[in-house]
Amino acid sequence: MGIHNLAKLIADQAPAAIKEGEMANYFGRKIAIDASMSIYQFLIAVRQNGENLTNDSGETTSHLMGMFYRTIRMIENGIKPVYVFDGKPPQLKSKELEKRLERRTEAEAEKTKAADAGDGEAFDKFARRTVKVTREHNDDCKRLLTLMGVPYVDAPTEAEAQCAALVKQGKVYGVGTEDMDALTFGADVLVRHLTFSETRKMPIREYSLTKALQGLGINFEEFTDLCILLGCDYCDSIKGIGQKRALDLIKQHRNIETILKNIDKKKYAVPDDWAYEQARQLFKVPEILPADATDLKWTEPDEDGLVSYMVKEKGFS
DNA sequence: CGTGTCC
DNA sequence: TCCTCTGGCGCAAGACACG
DNA sequence: TGCGCCCGAGGAC
């Protein structure tokens, strides 16, 4: 996920792009959030004895618990969240997704083994690795959000791309995410640690794309190529080229084509059939909804409906 | 601040 | 020698209330 | 799984 070491590179090379603050600074602000990513985190973190929380019927409730409290906290602080759900992943990501499926299958086997051996600790560890966000999880959360009066958007493909689009379209102030590729998709404002600032001792960090570009001394096209060199989900990167060399090369040659013409390919092996051009296209013109296709409205919660859903259906108290 | 509980 | 990347390891990934 | 941290192996200078 994300762009390898991009946060570190910005912190080192363009520190002025990062602003630290607290939740109160976001009062009245609209923030786009990757719903599927949040749900994934909740499913991994909200556990008891190695298993997700469930209601009496055995349905998982960890994701509802997490999303409910987190959303309430944001609203209490005057933040207007809009959740963005993942659509179909782009073709270019299929290799990465295959890898993830393989790892899950492997973890599934290890989990069974640990259960048979009565090793609770190992069971817990591998159970977390088998987590997959399902259609049902998403639908549950959409229902919850509707009842809470919080809008959501179904992205055509990548949620982060759609979040960035909402920023570019002026519909929200920024993207609330840990995933730095929101910047690569062109979101001017990215907010990290938005929700866990008060519980943990981690300040909210706001990244400005404009200031990052200024600090790094490159333009947005060059930034896209830089991100590909650093390592993204869509293609391999060149072994031996990390944050420093990547930035130096971009500053010197301005794009990947020129870099390829100038580097010693014996020292830096370029991946076979390197799909950097397609990756670049995905970042540059991702599939997103046009501005008039999303209507973001925050309304009063349906309290009776919430009680009925959460308490009666899902077993909350 | 660590620990247990939520479902 | 210095710099930079790599690869190893350990850890925690939510939110809250309570003592 | 990803991240921060530390260390060693190379090239870079």
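This structure is a prediction, so every number in the text was calculated from the model and none was measured.

**Quick word on the sheet that holds strand S1 (residues 18-21)**
Pairing is mixed across the open sheet formed by 7 strands, whose spatial order is S1-S9-S8-S7-S2-S5-S6. Here the strands that pair on one side only, and so sit at the sheet edges, are S1 and strand S6 (152-154). Strand-to-strand twist across the sheet, computed as the mean angle between neighbouring axes with direction ignored, equals 25°. The sheet contact formed by strand S8 (residues 189-192) and strand S9 (residues 204-208) spans 4 bridges and is antiparallel. Note on S9: the bridge partner recorded for Val-191 is Glu-206. The sheet strands contacting helix H3 (residues 62-76) are strand S2 (30-34) and strand S5 (80-85), and the helix crosses S5 at an angle near 145°.

**Points about the environment of Gly-50**
Considering the arrangement of structural elements, one finds Gly-50 in the loop between strand S3 (47-48) and strand S4 (51-52). Residue classification places Gly-50 among the buried positions, given a relative accessible area of 5%. Ignoring anything within four residues of it in the chain, the contact list for Gly-50 reads Phe-123, Asp-124 and Ala-127.

**So, the layout of surface pockets**
Counted as a void, the largest pocket has a volume near 980 Å³. Taken together, 32 residues make up the lining of the largest pocket; nearest its centre are Tyr-40, Leu-97, Arg-100, Arg-104 and Lys-132. For the lining of the largest pocket, the secondary structure elements donating two or more residues are helix H2 (35-45), helix H4 (94-117), helix H5 (120-129) and helix H7 (159-168). Here the lining of the largest pocket gets 8 residues from one element, more than from any other, and that element is H4.

**So, unusual backbone geometry**
Within the chain, Asn-49 stands out as a residue other than glycine whose phi angle is a positive 55°. Overall, Asn-49 belongs to the exposed group, its relative accessible area being 72%. One non-glycine residue with positive phi stands out, namely Arg-254, at about 75°. You can see Arg-254 is positioned in the loop between helix H11 (243-253) and helix H12 (256-262).

**Quick notes on the protein's contact with DNA strand D**
All residues in the neighbourhood of DNA strand D are listed as Met-1, Arg-103, Arg-129, Arg-245, Lys-267 and Tyr-268. Sugar plus phosphate, as a fraction of atoms of DNA strand D within 4 Å of the protein: 85%. Contact distances for DNA strand D include 3.2 Å between a phosphate oxygen and a side-chain N or O atom of Lys-267. Within the surface near DNA strand D, the residues separate by chemical class into 2 nonpolar, no polar and 4 charged.

**Quick notes on the pattern of salt bridges**
Note on pairing: side chains with opposite charge can pair once their charged atoms come close. In total, this model carries 18 salt bridges according to the counting rule given. For the salt bridge of Arg-280 with Glu-257, the shortest nitrogen-to-oxygen distance reads 2.9 Å. Linking Arg-280 in helix H13 (residues 276-284) with Glu-257 in helix H12, this pair joins segments that are 23 residues apart in sequence. Taking the shortest distance from any N to any O, the salt bridge between Asp-264 and Lys-267 comes out at 3.7 Å. Residue class for Asp-264 comes out partly exposed when judged on its relative accessible area of 34%.

**Some details on the UniProt feature "domain: XPG N-terminal" (unreviewed entry) in chain A**
This chain's UniProt record puts "domain: XPG N-terminal" (unreviewed entry) on residues 1-107. Secondary structure across residues 1-107 comprises 45% helix and 18% strand; the distance between its end C-alpha atoms is 19 Å.

**Details of the domain arrangement of chain A**
Splitting chain A by domain gives domain 1 (16-216) and domain 2 (218-286). Taken together, the contact pairs 14 residues of domain 1 with 16 residues of domain 2. The three residues of domain 1 that bury the most area against domain 2 are Leu-92, Thr-184 and Leu-216, which together make up 46% of that side's buried surface. Linking domain 1 with domain 2 are 2 salt bridges, by the criterion used here. Between Lys-93 and Asp-233 there is a salt bridge whose closest N-O contact spans 3.9 Å. Viewed at the interface, domain 2 and domain 1 are joined by 3 residue pairs in polar contact (both at pLDDT 80 or more). Contributing elements (two or more residues each) for the side of domain 1 that touches domain 2: H4, helix H8 (181-184) and helix H9 (209-216).

**A few points about a negative patch on the surface**
A cluster of acidic residues, Glu-300, Asp-302, Glu-303 and Asp-304, forms a negative patch on the protein surface. Along the chain, Glu-303 falls in helix H14 (residues 303-313).

Conventions adopted
Residues numbered from 1 in each chain as written. Chains lettered and ligands numbered in written order. Predicted model: local features only at pLDDT ≥ 70, side-chain atom pairs only at ≥ 80, totals over all residues. Heavy atoms only, no water. Pairing = 2+ DSSP bridges. Helix = DSSP H or I, 4+ residues; strand = E, 2+ residues; numbered from the N terminus. Axes fitted to C-alpha atoms, helices over the stretch in contact; angles between N-to-C directions. Contact = heavy atoms within 4.5 Å. Buried < 20%, exposed > 50% of the residue type's maximum accessible area, 1.4 Å probe, protein only. 1 Å grid on protein atoms, 1.4 Å probe; cavity = no way out; pocket = protein on both sides within 12 Å on 5 of 7 lines; lining within 4 Å. Points joined across faces, edges and corners; volume = space filled by probe spheres on them. Near = heavy atom within 4 Å. Polar contact = N/O pair within 3.5 Å; in protein donor to acceptor, adjacent residues only side chain to side chain. Nonpolar A, V, L, I, M, F, W, Y, C, P; charged D, E, K, R; others polar. Salt bridge = Lys/Arg side-chain N within 4 Å of Asp/Glu carboxyl O. UniProt positions renumbered as here; feature names shortened; annotations may be inferred. Domains from an automatic or database assignment. Buried area = accessible area lost by both parts, 1.4 Å probe. Patch = residues over 30% accessible without salt bridge, like charges linked within 9 Å, V, L, I, M, F, W, Y side chains within 5 Å. Areas by Shrake-Rupley, 256 points an atom, 1.4 Å probe, with all protein chains shown as cover. Lys, Arg positive; Asp, Glu negative; His and termini not counted. Charge placed at Lys NZ, Arg CZ, Asp CG, Glu CD.

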